[in-house]
Amino acid sequence: MISIGVIGGSGLYEMEGLEQVEEVAVSTPFGDPSDPYITGVLDGVRLVFLPRHGRGHRYLPSEVNYRANIFGMKTLGVERIISVSAVGSLKEAIAPGHIVIPDQFIDRTKGIRKDTFFGDGIVAHVMFADPVCGCLSETLYQAAQTAGAVTHRGGTYICMEGPAFSTRAESFMYRQLGGDIIGMTNLTEAKLAREAEICYGTIALSTDYDCWHDAHDDVTVEAILEIIHKNVTMAKNIIRHAAAPAAAKRGCCCAATLQNAIISDRARVPAETVAKLGPIVSKYFAQGA
Ligand SMILES: CSC[C@H]1O[C@H](OP(=O)(O)O)[C@H](O)[C@@H]1O
Ligand SMILES: Nc1ncnc2[nH]cnc12
């Protein structure tokens, strides 16, 4: 049975409606994930849930151990990750309460976050021109439509470092850069999921107009939480509608990402490094691979 990972963002710290629920603590070579994983079955599909910021929202976007979170998902056999995130809107047409399924990112993080599994004697350069899985994203789009959400297909997510929100000048600049939405987490996750050969797609809930819109108040946590609380049931319904189609056979090549990405001479990669990255790279180091 294919396992679908769900990473819950701000305001989504648990998933109801799962059967056969178990809490699984995973330790990884990259440290501890944000929380124990919650595994269970939703409408016949095995789901693995993790709140990105931990239960009780304990980790800043810069503090989230993205490597441990994704590595833990890989260890638990997850093949596709659905991310749920709150975002600011940089476009008039994307009103608070709308859903966006982004297909591009612009990196405005500051190099604080560890965003690769490679190093320590193994070098790989994965393709990232299309940073989310097109198949999974289409499934999420259809699921959001079915759940009755006003849904935007595609969009560019500006990933800023935070934790402070943007200045007004930055917000204007991001609009000029072609950004549609803004958040602090998803690019890092998408990159690591790609390296781990896991499909990744995002359900982004627009919660505010950041601070560029002169007819709307500047973003506050309070305003974001109000919109999230009004829409959390819809977000969960989208996941419910997406789970079974997301588990169907895929036509993407996310699972073969590393085939042409590892540049290091395999004979020279330290055995400890191969062992450390086992769930991700072992198939490329097996006898005859
Ligand atoms: C709660 S306001 C800012 C916070 O919300 C978003 O989190 P997530 O992507 O985990 O839903 C944004 O990225 C910031 O981390
Ligand atoms: N305006 C905003 N900027 C960054 N992250 C956000 N998450 C929700 N709204 C946001």
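Residues numbered from 1 in each chain as written. Chains lettered and ligands numbered in written order. Predicted model: local features only at pLDDT ≥ 70, side-chain atom pairs only at ≥ 80, totals over all residues. Heavy atoms only, no water.

1. Focus on the UniProt feature "binding site: substrate" (unreviewed entry) in the protein
The condition is simple: UniProt positions are given in the numbering used here, feature names are shortened, and annotations may be inferred rather than shown by experiment. With a 1 Å grid laid over protein atoms only, a set of points is called a cavity when a 1.4 Å probe fits there but cannot get out and a pocket when it is open yet has protein on both sides within 12 Å along at least five of seven lines; lining residues have an atom within 4 Å of a point. Under the DSSP-based scheme used, a helix requires at least four consecutive residues in state H or I and a strand at least two consecutive residues in state E, with every element numbered from the N terminus. Should any heavy atoms of two residues lie within 4.5 Å, those residues are considered in contact. Pairing of N or O atoms within 3.5 Å defines a polar contact, subject to two protein rules: one partner must be a possible hydrogen donor and the other a possible acceptor, and residues neighboring in sequence count only if both atoms are side-chain atoms.
According to UniProt, the positions carrying the feature "binding site: substrate" (unreviewed entry) are Met184, Asp208, Tyr209 and Asp210. From the list above, the largest pocket is lined by Met184, Asp208 and Asp210. Relative to the helices and strands, Met184 resides in the loop between β10 (181–183) and α4 (186–195). Topologically, Asp208 is positioned in strand β11 (residues 199–208). Excluding residues within four positions of it along the chain, Asp208 makes contact with Val87, Gly88, Ser89, Pro96, Val219 and Ile224. A polar atom in the side chain of Asp208 sits 2.6 Å from the side chain of Thr207.

2. Some words on the site of ligand 1
The following threshold applies: Any residue with a non-hydrogen atom lying within 4 Å of a molecule or strand is treated as near it. Exposure was quantified through the Shrake-Rupley algorithm and a 1.4 Å probe, taking into account, for residues, occlusion by the shown protein chains and nothing else. Each residue is assigned to one of three groups, with Ala, Val, Leu, Ile, Met, Phe, Trp, Tyr, Cys and Pro labelled nonpolar, Asp, Glu, Lys and Arg labelled charged, and all others, Gly among them, labelled polar.
Taken together, Gly9, Ser10, Arg52, His53, Pro61, Ser85, Ala86, Phe165, Gly183, Met184, Thr185 and Ile224 make up the full set of residues near ligand 1. Within the side chain of Ser85, a nitrogen or oxygen atom sits 2.9 Å from an oxygen atom of ligand 1. Between ligand 1 and Ala86, the relevant distance is 2.9 Å, taken from an oxygen atom to a main-chain nitrogen or oxygen of the residue. Within the complex, 92% of the 390 Å² of free accessible area of ligand 1 lies under protein. In terms of residue class, the shell around ligand 1 is built from 5 nonpolar, 6 polar and 1 charged.

3. Things to note about the layout of surface pockets
Taking a probe equal in size to a water molecule and rolling it over the atoms shows the remaining empty space. Going by this rule: Grid points are joined across faces, edges and corners, and a volume is the space filled by probe spheres set on the points.
If you add up the space inside the largest pocket, you get close to 480 Å³. The set of elements that each furnish at least two residues to the lining of the largest pocket consists of β5 (78–89), β9 (156–160), β10, β11 and α5 (221–247). Here the residues of the lining of the largest pocket sort into 14 nonpolar, 9 polar and 3 charged. Put simply, the second largest pocket is a space of about 330 Å³. Lining the second largest pocket are 16 residues, and of these Met127, Arg194, Cys253, Cys254 and Thr257 lie nearest its centre. When grouped by side-chain class, the residues that make up the lining of the second largest pocket number 9 nonpolar, 5 polar and 2 charged.

4. Structural notes on empty space enclosed by the protein
One pass over the structure, following the stated rule, counts 1 cavity of 30 Å³ or more. In this structure, the largest cavity occupies an estimated 70 Å³ of space. Forming the boundary of the largest cavity are Gly9, Ser10, Leu12, Val84, Ser85, Ala86, Leu205, Ile228, Val232 and Ala235. Mapped by element, the contributors of at least two residues to the lining of the largest cavity are β5 and α5. Classifying every residue of the lining of the largest cavity gives 7 nonpolar, 3 polar and no charged.

5. Quick notes on unusual backbone geometry
Of note, the bond from Gly162 into Pro163 is cis; its omega dihedral lies within 30 degrees of zero at 0 degrees. Inspection of the secondary structure assignment puts Pro163 in the loop between β9 and α3 (168–177). A positive phi angle is found at Gln20, which is not glycine, with a value near 50 degrees. You can see Gln20 is positioned in strand β2 (residues 19–24). Positive phi, normally seen in glycine, also occurs at Asp43, with a value near 50 degrees. Position of Asp43 among the secondary structure elements: in the loop between β3 (37–42) and β4 (45–51).

6. Considering the pattern of salt bridges
Inclusion rule: One speaks of a salt bridge when a side-chain nitrogen belonging to Lys or Arg is within 4 Å of a carboxyl oxygen belonging to Asp or Glu. A simple rule labels every residue: compare its accessible area, found with a 1.4 Å probe on the protein chains alone, to the largest value its type can have, and call it buried under 20%, exposed over 50%, or partly exposed in between.
Tallied over the full model, the rule gives 17 salt bridges. Arg55 is the salt-bridge partner of Asp35, the closest N and O atoms lying 3.4 Å from each other. Here Asp35 is found in the loop between β2 and β3, whereas its partner Arg55 is found in the loop between β4 and α1 (66–75), with 20 residues between them in sequence. Given the relative accessible area of 33%, Arg55 is considered partly exposed. Residue Glu226 pairs with Lys230 through a salt bridge whose shortest N-O separation is 3.3 Å. Taken together, the residues span about one helical turn, with Glu226 and Lys230 both in helix α5 at a distance of 4 residues. Lys230 gets classed as exposed once you look at its relative accessible area, which sits at 59%. Connected via shared salt-bridge partners are Glu23, Asp35, Arg55 and Arg58.

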